[in-house]
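Observations on chain architecture
Listed below, chain by chain, are the residues.
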Amino acid sequence: MAIGSTVHTFEVQLADTDRGIYEDYSLRVARHPSETDAYMLTRVLAYGLEFAEGITFGGSISSTEEPAVLVRDMTGLITVWVEIGAPDAERLHHGSRLAERTVVYTHRDPAKVMAQWADKRIHRREDIRVYSFDPGFIESAAALIERRNTMTLTRAEGVIYLDLNGTSLTSTVHVHELA
């Protein structure tokens, strides 16, 4: 018998002063057995940091048709393609052909993640941004995850202030370019 996904809920208060977005929302996040807590948390943070009308989680973790997080406009077209972790160059190429904007949020060493794309063909490579966090931030926050979570996520001047289940953490959001 296959092991099923574990569902986590997040009650989120978002205050993104950099983009002028203030929202309260609930997320039900299915964590696939092969998905780490660090990956899932990065997915949840990416959802908040890219929050916009039409945002949703993509298909399953093994889906090749959709990214981990995406934003669709009112017509159903993908406007933002959000990958998590260390996607391969082919996925970035595919995503950047479909969406107006393609980004990667990684919980790994961004230099190592980007090195794997160095000699690969990626559509609009110069427009893709990779976002990472301070060393140890994701691991510390992932250790706090429970089945039911309360989260306050504030971004101001490129720094995120995360309160997860009563514990506060801070990290700079580092921006890396592929070009």
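Use the structure listed above.
Cut-offs and rules
Residues numbered from 1 in each chain as written. Predicted model: local features only at pLDDT ≥ 70, side-chain atom pairs only at ≥ 80, totals over all residues. Heavy atoms only, no water. Buried < 20%, exposed > 50% of the residue type's maximum accessible area, 1.4 Å probe, protein only. Helix = DSSP H or I, 4+ residues; strand = E, 2+ residues; numbered from the N terminus. Contact = heavy atoms within 4.5 Å. Core = buried A, V, L, I, M, F, W, Y, C linked by side-chain atoms within 4.5 Å. Pairing = 2+ DSSP bridges. Right-handed = clockwise from strand over helix to strand, strands pointing away.

Another point: unusual backbone geometry. Glycine aside, negative phi is the norm for most residues, and most peptide bonds take the trans geometry. Residues other than glycine seldom take positive phi values, yet Glu 157 does so here, at roughly 55°. Residues other than glycine seldom take positive phi values, yet Asn 165 does so here, at roughly 55°. When its relative accessible area of 23% is taken as the criterion, Asn 165 is described as partly exposed.

What follows covers helix H2 (residues 89–98). Listed as buried for H2 are Ala 89, Arg 91, Leu 92, His 93, Gly 95 and Ser 96. Lining the buried residues of H2 we find strand S5 (78–84) and strand S6 (101–105).

Core analysis: the biggest nonpolar cluster contains 41 residues, and Phe 10, Tyr 105 and Phe 133 have the highest contact counts within it. It is helix H1 (residues 37–49) that provides the largest number of residues to this core, a total of 9 residues. One finds Leu 92, Val 104, Trp 117 and Ile 128 within the second-largest nonpolar core, a separate group that totals 9 residues.

This brings us to the pairing of S6. In summary, the side chains of a regular strand alternate between the two faces of the sheet. For S6, the buried fraction is high: 4 of the 5 residues fall into the buried class. Two elements, S5 and S6, share 5 bridges in a ladder whose sense is parallel. Paired with Ile 84 across the strands is Tyr 105, a residue of S6. Following the chain from S5 across H2 to the adjacent parallel S6, one finds a crossover that is right-handed. Of the strand pairs in this sheet, S6 and strand S7 (residues 129–132) are connected by 3 bridges, and their pairing is parallel. By the bridge assignment, Val 103 is partnered in S7 with Arg 129. Following the backbone out of S6, through helix H3 (residues 110–115) and into the adjacent parallel S7, one traces a crossover that is right-handed.

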